[in-house]
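The primary structure of each chain is shown beneath.
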Amino acid sequence: MKPVSINQQRPTGPVVWILSQGEDHEGGTVLGVYASKEAAKGPFAEAARNIPFDLDAAWQDDDGAVHAHGGCDWVSLKPHQVVTQLSVEAGTR
């Protein structure tokens, strides 16, 4: 069994931004998929405003992902690399 690498690699192909919300230890749901971080700013802000508790944390990761947390509820906007047929065929995915 190969060890799992904890080093994050920067995406080299197309990237989409996935907006999700949920509760701590309960999982979450996808609210939307966006072509750019800029396009998701409004929906992210709206989802964060809809957290029924006061926000107790907000932060940005090194990869540009943004998060908001209040009580046990959270909202996240994270980049995800798009896997294309070419990358599958090339064996890079």
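Residues numbered from 1 in each chain as written. Predicted model: local features only at pLDDT ≥ 70, side-chain atom pairs only at ≥ 80, totals over all residues. Heavy atoms only, no water.

Chemist: Explain the nonpolar core here, please?
Modeler: Within soluble globular proteins, side chains that are nonpolar generally end up buried alongside one another. Listed in full, the 11 residues of the largest apolar core are Trp17, Leu19, Ala40, Phe44, Ala47, Ala48, Ile51, Val66, Ala68, Val75 and Leu77. For this core, the secondary-structure elements that each account for two or more residues are strand E1 (15-23), helix H1 (37-49), strand E4 (66-70) and strand E5 (73-81). When residues of this core are assigned to their parent elements, the largest contribution, 4 residues, is made by H1. (Core = buried A, V, L, I, M, F, W, Y, C linked by side-chain atoms within 4.5 Å. Buried < 20%, exposed > 50% of the residue type's maximum accessible area, 1.4 Å probe, protein only. Helix = DSSP H or I, 4+ residues; strand = E, 2+ residues; numbered from the N terminus.)

Chemist: Teacher, can you tell me more about H1 here?
Modeler: Every α-helix carries 3.6 residues per turn, so stepping three or four residues along brings you back to the same face. In this model H1 runs 18 Å from its N-terminal to its C-terminal C-alpha over 13 residues, within 8% of the 18 Å that 1.5 Å per residue would give. Of all the bends found along H1, the most pronounced is centred on Pro43 and spans about 30°. Taken residue by residue, H1 has Ala40, Phe44, Ala47 and Ala48 as its buried positions. Looking at the packing, one finds that the buried side of H1 touches E1, strand E2 (27-34), E4 and E5. (Expected span 1.5 Å × (residues − 1). Bend = angle between axes of the 7 residues up to and from the residue. Contact = heavy atoms within 4.5 Å.)

Chemist: Even after reading the chapter, I still don't get unusual backbone geometry, so can you show me in this structure?
Modeler: If a residue is not glycine, its phi is most likely negative; likewise, a peptide bond is most likely trans. The backbone of His25 sits at a positive phi, close to 60°, despite the residue not being glycine. Mapped onto the secondary structure, His25 falls in the loop between E1 and E2.

Chemist: Looking at this structure, how should I read the pattern of salt bridges?
Modeler: In a structure, side chains of opposite charge can pair up when their charged atoms sit close to one another. Here the structure, examined in full by the defined rule, presents 2 salt bridges. Two residues, Glu38 and Lys41, come together in a salt bridge whose shortest N-O distance is 3.2 Å. Of this pair, Glu38 and Lys41 both sit in helix H1, 3 residues apart, which is roughly one turn of that helix. Judged by relative accessible area, Glu38 falls into the exposed class, the value being 56%. Take Lys41: its relative accessible area is 48%, and that puts it in the partly exposed class. Here Glu46 makes a salt bridge to Arg49, at a shortest N to O gap of 3.2 Å. On the criterion of helical spacing, the pair formed by Glu46 and Arg49 is a turn pair, its members being 3 residues apart in helix H1. (Salt bridge = Lys/Arg side-chain N within 4 Å of Asp/Glu carboxyl O.)

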